[in-house]
Amino acid sequence: MSLTTLGLELPTDPRWVNIAEMNIGEILVDHAWCEQKAASSCISLVVQYFDQQILVDTLTPIVSEEWGHFHRVLKELQKRNIPLGRHRKDEYVNQVRTRLRRSINDYKEQMMDNLLMNALIEARSCERFKLLSEQIGDESLRKFYRELMISEAGHYRTFIELAETYLLAGRVRERWKEFLVVEADIIAKLSVRGDRMH
């Protein structure tokens, strides 16, 4: 899997994975909450767009899958006798939402933006999982993150394909490119932290 596959314009700072490995307990706690938020985000989309049957049918299994990931991360924490800890503020996600959310009345455009926002977060998570799966010393965690990387890559594609179900593919790709430019700027300006997945 390459960055081209994910579509991201700016790779993660190479220092991140080394810092993350030294703080793997913090990373696992933050990761657990990221999975909880991913499940909650899909539920919110189902609630908001309850009248879009394809969306409901597509995202409902992803809710279960993301919650399953949450449970799997909890098991990794338990193996290491690390408590879950408090929910963490995700500066990356907050900036993505702040900078990419538009005040628009067009129902389908709004739905597209919400789907692409989820695709973007999944793509960045997938890229971080890839780094962990290739570079950390813990063999069981490398395998764990490889499995999750494959799953997140599927979710990323699903969100984009869903957007293309409701709008012309050209319009979705145009808006996606705008998302990627903004996301690269956010990543470039955020501090490299070893206690956050993003």
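What you see is a predicted model; the values in this text were computed from it and never measured. Each chain carries its own residue numbering, running from 1 in the direction its sequence is written. For a predicted model such as this one, the threshold for reporting local features is a pLDDT of at least 70, and the threshold for listing and counting side-chain atom pairs is 80 or more; totals across whole chains, interfaces and linings nevertheless cover every residue. To get the side-chain values, take all heavy atoms of the structure and skip hydrogens and water.

**Details of the pattern of salt bridges**
A side-chain nitrogen of Lys or Arg and a carboxyl oxygen of Asp or Glu constitute a salt bridge if their distance falls within 4 Å. Inspection of every chain in the model, using the stated rule, returns 21 salt bridges. Taking the shortest distance from any N to any O, the salt bridge between Asp113 and Arg175 comes out at 2.9 Å. Highlighted residues: Asp113 in helix 6 (residues 107–135) and Arg175 in helix 8 (residues 169–189), separated in sequence by 62 residues. Only protein chains enter the calculation, and the probe is 1.4 Å; a residue is then buried if its accessible area is under 20% of its type maximum, exposed if over 50%, and partly exposed in between. Owing to a relative accessible area of 4%, Asp113 belongs among the buried residues under this scheme. Beyond isolated ion pairs, a larger network of salt bridges with shared partners links Arg102, Glu109, Asp113, Arg171, Glu174, Arg175 and Glu178. Every helix listed is a DSSP run of H or I at least four residues long, and every strand listed is a run of E at least two residues long, numbered separately from the N terminus.

**As for the state of the cysteines**
When the sulfur atoms of two cysteines share a covalent bond, that bond is a disulfide. In what follows, a disulfide is any cysteine sulfur pair within 2.5 Å. This structure, assessed with the given rule, holds zero disulfides. In this model Cys34 remains outside any disulfide bridge; the closest cysteine sulfur is found in Cys42, 14 Å from its own. In this structure Cys34 comes out as buried when scored by relative accessible area, which is 12%. Unpaired in this structure, Cys126 has its nearest cysteine sulfur neighbour in Cys34, at a distance of 14 Å. By relative accessible area, Cys126 is classed as buried at 0%.

**Focus on the nonpolar core**
Note on soluble globular proteins: their nonpolar side chains tend to be buried together. Counting residues in hydrophobic clusters, the biggest one holds 65 residues, and the most contacted among them are Leu59, Tyr92, Leu120, Tyr145 and Trp176. Only helix 2 (15–22), helix 3 (24–48), helix 4 (53–79), helix 5 (91–100), helix 6, helix 7 (139–166) and helix 8 provide two or more residues apiece to this core. Counting residues per element, this core draws most heavily on helix 6, at 13 residues. In this description, contact between two residues means that some pair of their heavy atoms is separated by no more than 4.5 Å. Apart from residues lying up to four places away in sequence, Trp176 is in contact with Leu6, Leu116, Ala119, Leu120, Tyr156 and Ile160. For the purposes of this section, nonpolar cores are sets of buried Ala, Val, Leu, Ile, Met, Phe, Trp, Tyr and Cys residues that join through side-chain atoms within 4.5 Å.

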